[in-house]
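Below, each chain spelled out in residue letters.
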Amino acid sequence: MKRSVVTVRIPAGSAVTYDVAVTTRACEECAAFTAKRFPDSRIALVTDTNVARFALPKLLSAFAGNRQKPFVHVIPAGERHKHLRTVENIVDIFLSKRYGRDTVFIALGGGVVGDMTGFAASLFARGVPFIQMPTSVVSMVDASVGGKTGVDTRHGKNLIGVFAQPSAVFADPSLLLTLPDGEYRFGLSEVVKHALICDKQLFGQLRKNGTRLLARDTVLLHDVIARNIAIKKAVVEKDEREGGLRQILNFGHTIGHAIERNSNYRMNHGEAVGYGILYESLIARELEILPESDVGQIRGLLSQLGIVGKRKLRLDPKRIIEFTKSDKKSLLGEARYVLINGIGSVHRDGRRYSIPVKDDIVRKVLSEVE
Ligand code: GLY
């Protein structure tokens, strides 16, 4: 059985590290790690209503032999519940059980569960450790690594939160086999994003192996997940707090988050990011930063993976532009965009990784794609 491990050291050069393991024995490894690292801790396991049905039994049976058993708190599934009240609830439940500084949280779920559980752990008793057990493509390849935690507000996505690194991450590619088709496919947009910002070879592999990827070939999935975690590690080790370089991970997200918010968080995050990638590539073309032929390849891959082109979006450009201005990369209320100047290469303006774009250009590209 294949096992890959990526060790993350934040900040680079520090003595503190954590491992991100990709393995079909993720549940067993999580149980063993918890018993060894936190032998006397109480275990606060947070998951959501969807994941509770397919992945929770596997994790709980892995803990069957452990002295400490997890207490499970199930939150409602979906980005619409990613707000402070849900985090307050998580904290309240475990406080009411008299959990204290001897608590370790485990986040079992996708990006929403991971972001909120990490945030709850970092607030709980002024901060306790947490472990990430990602169950979605987005959380395996991106969200569970790098320590971004937080919630959305009515002003926009992820506007409240902290950077808090997990103690370990265990990703089981076989859990992806049970995901609904859309959730799986749309999650691949974060993989496409990583390829576009820094890995031309990965982009080529995705094009070549699109069918195998959609068929959820687990051998391929293992390698794709491990490769993406390595990309994420390389970025977050250099810039944990998004002072500069880490912004590149937001490619596709200025418009993507605005589209998601415009849908009242009913649209899948990955699908919104897929369209965000396409629109932001068109912006780069309009600015004569990215050649038309690259845009064609990007559109081709996003369609091949079934991320874009399946429905008519009918976006109101005024509303989308308005929403982009409360993106967290905004400066003085002005939206900023990470753009690429080729497949696998981010555009830089001097030392900046994100630049302002005129509303007219955004309006033009928003009306170009149906
Ligand atoms: N998902 C983007 C980041 O972690 O910075």
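Okay, so let's go over this structure.

When you go through the protein chain residue by residue, the secondary structure sums to 15 helices and eleven strands. By the compact-globule yardstick of 21 Å for 370 residues, the protein chain fits well, its C-alpha radius of gyration being 20 Å. By principal-axis analysis of the C-alpha atoms, the protein chain measures approximately 60 × 45 × 40 Å. Among the 370 residues that make up the protein chain, the fraction classed as buried is 58%. Counting contacts in the protein chain only where the partners sit at least 6 residues apart, residues at least 24 apart contribute 76% of the total. About 15400 Å² of surface is accessible on the protein chain, with carbon and sulfur atoms providing 50% of the total. Positive and negative side-chain charges in the protein chain, numbering 54 and 39 respectively, have mean positions lying 3 Å apart.

What follows deals with unusual backbone geometry. The peptide bond linking I10 to P11 adopts the cis configuration, its omega dihedral lying at -10°. Mapped onto the secondary structure, P11 falls in the loop between strand 1 (4-9) and strand 2 (17-22). For R216, which is not glycine, the phi dihedral falls at a positive 60°. Tracing the sequence through the fold places R216 in the loop between helix 9 (210-214) and helix 10 (218-238). Even without a glycine there, the phi angle at E242 is positive, about 60°. Among the secondary structure elements, E242 is positioned in the loop between helix 10 and helix 11 (253-262).

Here the focus is the pairing of strand 5 (residues 103-109). Burial within strand 5 is extensive, with seven of its seven residues counted as buried. Burial along strand 5 is two-sided: the face carrying T103, F105, A107 and G109 and the face carrying V104, I106 and L108 are both buried. Across six bridges, strand 3 (residues 42-48) lies against strand 5 in parallel orientation. Counterpart to A44 in the pairing with strand 5 is F105.

A few words on the sheet that holds strand 2. Remark on secondary structure: sheet strands pair via backbone hydrogen bonds, oriented parallel or antiparallel. Sheet architecture is open: seven strands sit in the order 1-2-9-6-5-3-4, paired in mixed fashion. Either end of the sheet is taken by a strand with one partner, and the two such strands are strand 1 and strand 4 (70-75). Taken over all neighbouring pairs, the strand axes of this sheet differ in orientation by 15° on average, direction set aside. Here six bridges tie strand 1 to strand 2, and the two strands are oriented antiparallel to one another. Note that in strand 2 the partner of R9 across the bridge is T17.

Now for helix 14 (residues 317-324). Within the span of helix 14, buried status applies to I320, I321, F323 and T324. Buried residues of helix 14, viewed axially, fall in a sector of 160°; they line one side. Among the exposed residues of helix 14, those pointing more than 90 degrees away from its buried face are K318 and E322.

Moving on, we get to the packing of helix 4 (residues 84-96) against helix 5 (residues 111-123). Two packed helices can be described by the angle between their axes and the distance between those axes. At a minimum axis distance of 9 Å, the contact between helix 4 and helix 5 shows a crossing angle of 55°. Looking at the two axes, helix 4 sits oblique to helix 5. Between helix 4 and helix 5 lies a crossing of right-handed hand. Two secondary-structure elements touch here, helix 4 through L84, T86, V87, I90 and V91 and helix 5 through M116, F119, A120 and L123.

So, on to the packing of aromatic side chains. This structure, assessed with the given rule, holds seven aromatic pairs. Judged by centre distance (5.8 Å) and plane angle (90°), the ring pair of F71 and F94 falls under edge-to-face. One end of the pair, F71, is in strand 4; the other, F94, is in helix 4, with 23 residues separating them in the sequence. Every member of this aromatic cluster is reached through a ring pair, and the members are F71, F94, Y99, F105 and F124. We note R185 situated over the ring of F186; from NZ or CZ to the ring centre the distance is 5.3 Å.

Here we take up the site of the ligand. In the vicinity of the ligand, the contacting residues are D142, K148, K232, R246 and L249. Between a nitrogen atom of the ligand and a side-chain N or O atom of D142, the distance comes to 3.0 Å. Between R246 and the ligand, the recorded distance is 2.8 Å, taken from a side-chain N or O atom to an oxygen atom. Coverage of the ligand by the protein chains reaches 88% of its 200 Å² of free accessible surface.

Here we come to the pattern of salt bridges. Taken as a whole and judged by the stated rule, the model has 25 salt bridges. Residue D181 pairs with R185 through a salt bridge whose shortest N-O separation is 2.6 Å. Of the two residues, D181 and R185 both sit in helix 7 (residues 181-198), four residues apart, roughly one turn of that helix. When its relative accessible area of 44% is taken as the criterion, D181 is described as partly exposed. Judged by its relative accessible area of 12%, R185 is buried.

The rules behind the values
- Residues numbered from 1 in each chain as written.
- Predicted model: local features only at pLDDT ≥ 70, side-chain atom pairs only at ≥ 80, totals over all residues.
- Heavy atoms only, no water.
- Helix = DSSP H or I, 4+ residues; strand = E, 2+ residues; numbered from the N terminus.
- Rg over C-alpha atoms; globule rule 2.2 N^0.38 Å.
- Buried < 20%, exposed > 50% of the residue type's maximum accessible area, 1.4 Å probe, protein only.
- Contact = heavy atoms within 4.5 Å.
- Areas by Shrake-Rupley, 256 points an atom, 1.4 Å probe, with all protein chains shown as cover.
- Lys, Arg positive; Asp, Glu negative; His and termini not counted.
- Charge placed at Lys NZ, Arg CZ, Asp CG, Glu CD.
- Pairing = 2+ DSSP bridges.
- Axes fitted to C-alpha atoms, helices over the stretch in contact; angles between N-to-C directions.
- Arc of directions from axis to C-beta.
- Parallel < 35°, antiparallel > 145°, perpendicular 65-115°, else oblique.
- Left-handed = near helix turned anticlockwise from the far one by under 90°.
- Phe/Tyr/Trp six-rings, centres within 6.5 Å; stacked < 30°, edge-to-face > 60°.
- Lys NZ or Arg CZ within 6 Å of the ring centre and 35° of its normal.
- Near = heavy atom within 4 Å.
- Polar contact = N/O pair within 3.5 Å; in protein donor to acceptor, adjacent residues only side chain to side chain.
- Salt bridge = Lys/Arg side-chain N within 4 Å of Asp/Glu carboxyl O.

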